[in-house]
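# Close look at the chain arrangement
Listed below are the residues making up each chain.
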Amino acid sequence: QVQLVESGGGLVQPGGSLRLSCAASGFTFSLFSMSWYRQAPGKERELVATITTGDLTNYKDAVKGRFAISRDNEKNMVYLQMNSLKPEDPAVYFCNAHRISADRAAIDYWGQGTQVTVSE
């Protein structure tokens, strides 16, 4: 059974930090690119950061220099270190696993999300 379980969300003051974690199971983690998405109320879900199977990373412009994605293939974990949090960062943050199969089909797995709130 495929599972992605996020944790680490919560309430933080502007300028503060949080570290999100995503525990993966039920699939071959090392074969998947891993991403963090977020969705704020009334907005579309958006891609925040991606780390490929070769540890290449890519970030949404608004979080560059503040967020860092990393993965641990031994532990089947992916992390999002979020620093200098801003009022525009609050959202539900989702973990995603993605790969293209041999027959060119997209395979995507999603977690249930973890809430991040930034407030005084």
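Residues numbered from 1 in each chain as written. Predicted model: local features only at pLDDT ≥ 70, side-chain atom pairs only at ≥ 80, totals over all residues. Heavy atoms only, no water.

## Comments concerning the pairing of strand β5 (residues 46-51)
- Pairing of strand β4 (residues 33-39) with β5, which is carried by 5 bridges, proceeds in the antiparallel orientation. Counterpart to Met34 in the pairing with β5 is Ile51.
- Remark: 6 residues form the turn of the hairpin made by β4 and β5, two consecutive strands paired antiparallel; Gly42 in that turn has positive phi of roughly 80 degrees.
- The pairing of β5 with strand β6 (residues 57-59) spans 3 bridges and is classified as antiparallel. Directly across from Thr50, in β6, lies its bridge partner Asn58.
- Counting the residues that bridge the hairpin from β5 to β6 gives 5 residues, and of these Asp55 lies at a positive phi of roughly 70 degrees. (Pairing = 2+ DSSP bridges. Helix = DSSP H or I, 4+ residues; strand = E, 2+ residues; numbered from the N terminus.)

## Some points on the sheet that holds strand β8 (residues 77-82)
- The antiparallel open sheet is built from 4 strands, whose spatial order is β1-β3-β8-β7. Two strands bound the open sheet, and with one partner strand each, they are β1 (3-7) and β7 (67-72). Sheet twist, expressed as the average angle between the axes of neighbouring strands with direction ignored, equals 15 degrees.
- In this structure, strand β3 (residues 18-25) lies alongside β8, joined through 6 bridges in antiparallel fashion. Within the sheet, the bridge partner assigned to Ala23 lies in β8 and is Met77. (Axes fitted to C-alpha atoms, helices over the stretch in contact; angles between N-to-C directions.)

## What about the pairing of β8?
- By the criterion of burial, β8 is predominantly enclosed, with 5 of the 6 residues buried.
- The sheet contact formed by β7 and β8 spans 6 bridges and is antiparallel. Directly across from Phe67, in β8, lies its bridge partner Met82.
- Taken together, β7 and the strand that follows it, β8, pair antiparallel across an intervening segment of 4 residues, in which Asn76 is found at a positive phi of about 55 degrees. (Buried < 20%, exposed > 50% of the residue type's maximum accessible area, 1.4 Å probe, protein only.)

In short, geometric facts, not functional conclusions.
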